[in-house]
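Chain by chain, the residues:
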Amino acid sequence: AQSVSQHNHHVILSEAASLELGCNYSYGGTVNLFWYVQYPGQHLQLLLKYFSGDPLVKGIKGFEAEFIKSKFSFNLRKPSVQWSDTAEYFCAVTASGGSYIPTFGRGTSLIVHP
Amino acid sequence: DVKVTQSSRYLVKRTGEKVFLECVQDMDHENMFWYRQDPGLGLRLIYFSYDVKMKEKGDIPEGYSVSREKKERFSLILESASTNQTSMYLCASSTTAASSPLHFGNGTRLTVT
């Protein structure tokens, strides 16, 4: 069974700072990887996903993530955060050709100070 | 755009009550899921369903049951609510592809007193 580890549970940044949230998974086969975001009071929504091709994927609101297969990682990045990026971020993985049930990390709470 | 609608945003119930949480999706998705979300624990899968009348236990099914009589509707039932079931409950749906993302509802915050 796969598992997902998000190393940073709470991150506090000032506006314009760069962001990198770590996500590592454990699974030996081919995977699909997702980042979801939950803004305060809103539903969880997809930020970006990787399932094949270019390992650098771009999502909404200037976010990007890089899939590094050798490191089993899918870190989320943004060069310059805004106050409106304050949210909870979840990494998730599904196994290609296997169960479609995603395994989620525990989430990272990001607070951006104006 | 996919819409997943949970019938209640907030619920307050008493210990021992039977509680029904309803979820409806409008995109003809085969898969539906119930998660609970607790601070520091992330999302934990309670039950999922891959077809009408089909269900599978997730990681924490104890104290819960589900019903899927129609493709668009997936209900979570707390047979006898307890205080440790106070939580945020999230419903989600997806297609059968492993690369398909989940579409979430707004959540139901349940308080059991």
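Residues numbered from 1 in each chain as written. Chains lettered and ligands numbered in written order. Predicted model: local features only at pLDDT ≥ 70, side-chain atom pairs only at ≥ 80, totals over all residues. Heavy atoms only, no water.

(A) Looking closely at the overall build of chain B. The secondary structure content of chain B amounts to zero helices and twelve strands. Ordering the α and β elements of chain B from the N terminus gives β-β-β-β-β-β-β-β-β-β-β-β. For chain B, whose C-alpha radius of gyration is 13 Å, the value lies close to the compact-globule estimate of 13 Å for 113 residues. Classification of the 113 residues of chain B by burial places 49% in the buried group. (Helix = DSSP H or I, 4+ residues; strand = E, 2+ residues; numbered from the N terminus. Rg over C-alpha atoms; globule rule 2.2 N^0.38 Å. Buried < 20%, exposed > 50% of the residue type's maximum accessible area, 1.4 Å probe, protein only.)

(B) Here's a closer look at the interface of chain B and chain A. In this assembly, 23 residues from chain B lie in contact with 22 residues from chain A. Overall, the association of chain B and chain A removes approximately 1700 Å² of surface from exposure, summing both partners, and the carbon and sulfur fraction of that is 61%. Three residues, A98, S99 and F104 of chain B, lead the burial of chain B against chain A; their summed loss comes to 29% of the area buried on that side. Our enumeration of links across chain B and chain A arrives at zero salt bridges. (Contact = heavy atoms within 4.5 Å. Buried area = accessible area lost by both parts, 1.4 Å probe. Salt bridge = Lys/Arg side-chain N within 4 Å of Asp/Glu carboxyl O.)

(C) Structural detail: the pattern of salt bridges. In total, this model carries nine salt bridges over all chains according to the counting rule given. When salt bridges that share partners are traced, they join K58, E64, E66 and R77 of chain A into one network.

(D) Unusual backbone geometry, seen in detail. All names here are of chain A. Although it is not a glycine, A16 sits at a positive phi angle of roughly 80 degrees. The exposure class of A16 is exposed, given its relative accessible area of 54%. In this model, F72 sits at a positive phi of 50 degrees, which is unusual for a non-glycine residue. Within the secondary structure layout, F72 lies in the loop between strand 8 (64-68) and strand 9 (73-78). Residue F72 is classed as partly exposed on the basis of its relative accessible area of 36%.

(E) The arrangement of the packing of aromatic side chains in detail. The final tally for this structure, using the stated rule, is 13 aromatic pairs over all chains. Here F104 of chain A and Y35 of chain B contribute two aromatic rings whose centre-to-centre distance is 5.5 Å and whose plane-to-plane angle is 80 degrees, an arrangement assigned as edge-to-face. Within this pair, whereas F104 of chain A is found in strand 11 (residues 103-104), its partner Y35 of chain B is found in strand 5 (residues 31-38), the two belonging to separate chains. What makes F104 of chain A buried here is its relative accessible area of 10%. On the accessibility criterion, Y35 of chain B (1% relative accessible area) is buried. By way of ring pairs, the aromatic residues F34, Y36 and F104 of chain A together with F33, Y35, F48 and F104 of chain B are connected into one cluster. (Phe/Tyr/Trp six-rings, centres within 6.5 Å; stacked < 30°, edge-to-face > 60°.)

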